[in-house]
Amino acid sequence: MTTDKTNEIITDKTSEITDKTSDKTTENHPGTKEEKGISAPLSLGEGAGERLSGAEALMLALKEEGVKTIFGYPGGSIMPVFDALYDYTRGEKKAFNHILVRHEQAAAHAAQGYARVSGEVGVCLVTSGPGATNTLTGVADAMMDSTPIVVIAGQVGTPVLGTDAFQEVDLVGVAQPISKWSYQIRRPEDIAWAVSKAFYIARSGRPGPVVLDFPKNAQTHQTEWKPAHVDFVRSYIPYPNPEQAAIEAAAELINNAKQPLALVGQGVELAGAQNELVEMLEKADIPAARTLLGLSALPTGHPLNMGMLGMHGNYAPNLKEQECDVLIAIGMRFSDRVTGLPSTYAKQAKVIHLDIDRAEINKCIHADVAVVGDCKMTMPAITRLLKKNVHREWRDSFKPSHDEEVEKVINPAIHPTEGPLLMGEVVNAVAEATHGDAILVTDVGQNQMFAARYFKYNKKRSIVTSGGLGTMGFALPAAVGATFGAPDRTVCMFCGDGGFQMSIQELGTIMEQQAPVKMIMLNNNYLGNVRQWQDMFFNRRKSFTKMLNPCYEQVAAAYGIPYLAVTQREHLHEAIQQMLDTDGPFLLECAIKEDDNVLPMTPPGKSVDEMLLHIDI
C-alpha cells in the first residue's frame, strides 16, 4: 500500500478492521468500559469549538486519552507537533512529561516498558523517514509480545507524497504487517477520531502496536477542535463471546483429568486475571507452569507453581508436558521455544486452549477444546463448573525431576564455591536482596534466560523482556520506560555486554532523567548465547562472538552514573546492597565466567522431554 492511497487496510491478528465509529460499545464486550480501560464517553471538553492547528489538536486528543508520558525524538517533519508540545510540558497547560531518548528505537522500547508495567498504552513521538523506520523494530517487538503502544510519526506534506521527498518513507505500508493498525492522518479534522481509534485498537482485545503517520501539512493547518470517542470498529471484535459448549467441554475434561497441567502465559497478565487464575488452579488442584512472558502471572512461591516452560525452562514441567492427560493453555501461543518439536508435543494429552485471539487456535498445536474469549471472563466461567479436586500423587510426581535439576543445575548455578562469578548466582543474589518485589527487565541472550530462571516474582507485571522477537538492546530503554510506568517500584535490569552496547546511548536518557534503573551487566566478554550454540553445534568455532569491551567505569563516569565492578564472590552481596541503597541509577558490572552455559536446554529440533541437564562440549 502506498502513502497516496486514502483508504485504510487494518491488519489485526483476528480480522481486517474496516472503518466505522459508533457511540455504542460492542455487543461482544464482556464487562464495563472501566474494567477494560476504555474511557467513558467524552463531553465537549477542553477547547471544543476553537480553531487550532493540527499539532495542538493532537495535544488535546492525547490528553483525552489520559496520556501522561511520551517518549520521543524531534525532527523536521514532526517539528510543528514538538512546538505545540513545548506548551504542554510546562506552565498552565502542562499535561505531559516528555522523555527525550537518544535513538528512536529506544522510544518504542521505552514505551513498551512503560506499557508492560503500568497496563496503560505507551506513546512515542518521532519524525519521518529514518526516525520512523528506527521505531519499527520496537513496533514488531510489541506486535509479537502483545504490547499496547501508539507510535506517532511525522511525514512529509501530502502534496509531495510519492515523490521521494527528503525523509519520505511509506510508513503505513511498511508498518502494516507488523502492527495492529497503521493509518495516515491527512486532514487535521481527522485527528481526534484517528487518535481515539488508535488507542481503542491498541488497548482492546489482544493488545498491540498502532502506527499513526502524520503529514506535516495536517499538523499546521487549522481545524475546529471537537473531541471524538471511538469504542466500536465494524468487523473488529476485541472481546469474543465464549461459547458455553466450549466452557462446559473444558470443565468436563478438567473434572475427569487425573494428571492435568496448566500452561500460563502473558494473556493472564494482560487481562488482569491473576486472581481468577489462582482460583481455578486451587479449586481443581492443577499444577501450573509459566511461559517466559507469563512468569509473574503466578507468584514464584505458590505451591502449584512448577516452574518455567521452554527451551531453558525448568526440567520437571517440560517433562510433564509429555505425561499429562489434560493440558490447559491459558493466554499463551505455543511458541516453538515452548513446544520443541511440534510433531511430538503432548500427543498423549487432551488440549484445552483459552485465548482471546482466535488466530492462535490450532496455529501451532491442535486444540481439542478451544475457549475463545478474555480469560478474565472464561476462567471464572470454567471454575464455576469445576469440582473441588485433589491431585496429590500427580503433583508429587514433579518432585524427583525438580530435585534432580536442583542438584545438577540450580545449586551449582546459584551457590558455587569456587571459580569465577556465575550469572545465576548474581541474579539469585539480586532476587534475594529485593525479596521478589522488584521489576525484572532483561535484554536478550544468556542474561535473559538466567534472569528469568532465577529471579523471584511476588507481584503482577514484574517481568519486561523481549520474548517473541528477541531484540538485543531492548533492556536499557525498556527499563527507562518501566521506571516511569511504575515509579514506586525498584527496576532491576540485567543485560550482557553485547546488548548493553547496542543501546548504550540511552545512558544519556538515564543521566538526564535520573531514571532509577539498577543496571546489572553480566560481562563475559562474549555474545554468550551465540557462543554457547557455537560450542554445542558448530565444533566450538567461535566466529566473531568474542567482544572487546570499553572501560565501563569510564563510560559510567562520563554520564555521571554511580558504578561498581565485582570480580570476587565475597564482594557481591555488599555491592548489590550499595546499588539498591543508592538513589537514582546505578551500574553494577559483574565479571562472569566466559564459558558459563544456560542449562537445562532442549536442543533445537528435539522434543521437550529430550531436555538436557548437562552438556559435554
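The coordinates are above.
What you are looking at is a predicted structure, and each value in this text was computed from that prediction instead of being measured. (Residues numbered from 1 in each chain as written. Predicted model: local features only at pLDDT ≥ 70, side-chain atom pairs only at ≥ 80, totals over all residues. Heavy atoms only, no water.)

A. Spatial organisation of the sheet that holds strand S20 (residues 517-523). Taken together, six strands build an open sheet; the order of strands is S18-S17-S19-S20-S22-S21 and the sheet is parallel. Strand pairing shows two members of the sheet lacking a second neighbour, strand S18 (463-464) and strand S21 (563-566), which therefore form its edges. Summarising the sheet, strand S17 (residues 439-442) and strand S19 (residues 491-496) pair through four bridges and their orientation is parallel. Across the sheet, residue Thr442 finds its bridge partner in S19, namely Phe494. Relative to the sheet, helix H17 (residues 446-454) contacts S17, S19 and S20, its axis offset from that of S17 by approximately 160°. (Pairing = 2+ DSSP bridges. Helix = DSSP H or I, 4+ residues; strand = E, 2+ residues; numbered from the N terminus. Contact = heavy atoms within 4.5 Å. Axes fitted to C-alpha atoms, helices over the stretch in contact; angles between N-to-C directions.)

B. Quick look at the sheet that holds strand S6 (residues 122-126). Strand order in the open sheet formed by six strands is S5-S4-S6-S7-S9-S8, with parallel pairing between adjacent strands. Both outer strands of the open sheet, strand S5 (97-100) and strand S8 (181-184), are each paired with one neighbouring strand and no more. Strand-to-strand twist across the sheet, computed as the mean angle between neighbouring axes with direction ignored, equals 20°. Sheet strands in contact with helix H2 (residues 79-87) are strand S4 (69-72), S5, S6 and strand S9 (210-215), and its direction is about 125° off that of S6.

C. Just the nonpolar core, in detail. Ranked by size, the top nonpolar core spans 46 residues in total, and within it Phe455, Phe494, Ile520 and Cys590 carry the most contacts. Listing elements by their share of this core, those giving two or more residues are helix H11 (315-320), helix H15 (399-414), helix H16 (423-433), H17, S19, S20, helix H23 (572-581) and strand S22 (586-591). Ranked by the residues each element gives to this core, the list is headed by H16, at six residues. In this view, Phe455 contacts Thr300, Val427, Val430, Ala431, Thr434, Ala438, Ile439, Leu440, Cys492 and Phe494; residues no more than four positions away in its chain are not counted. (Core = buried A, V, L, I, M, F, W, Y, C linked by side-chain atoms within 4.5 Å. Buried < 20%, exposed > 50% of the residue type's maximum accessible area, 1.4 Å probe, protein only.)

By themselves these figures say nothing about function.
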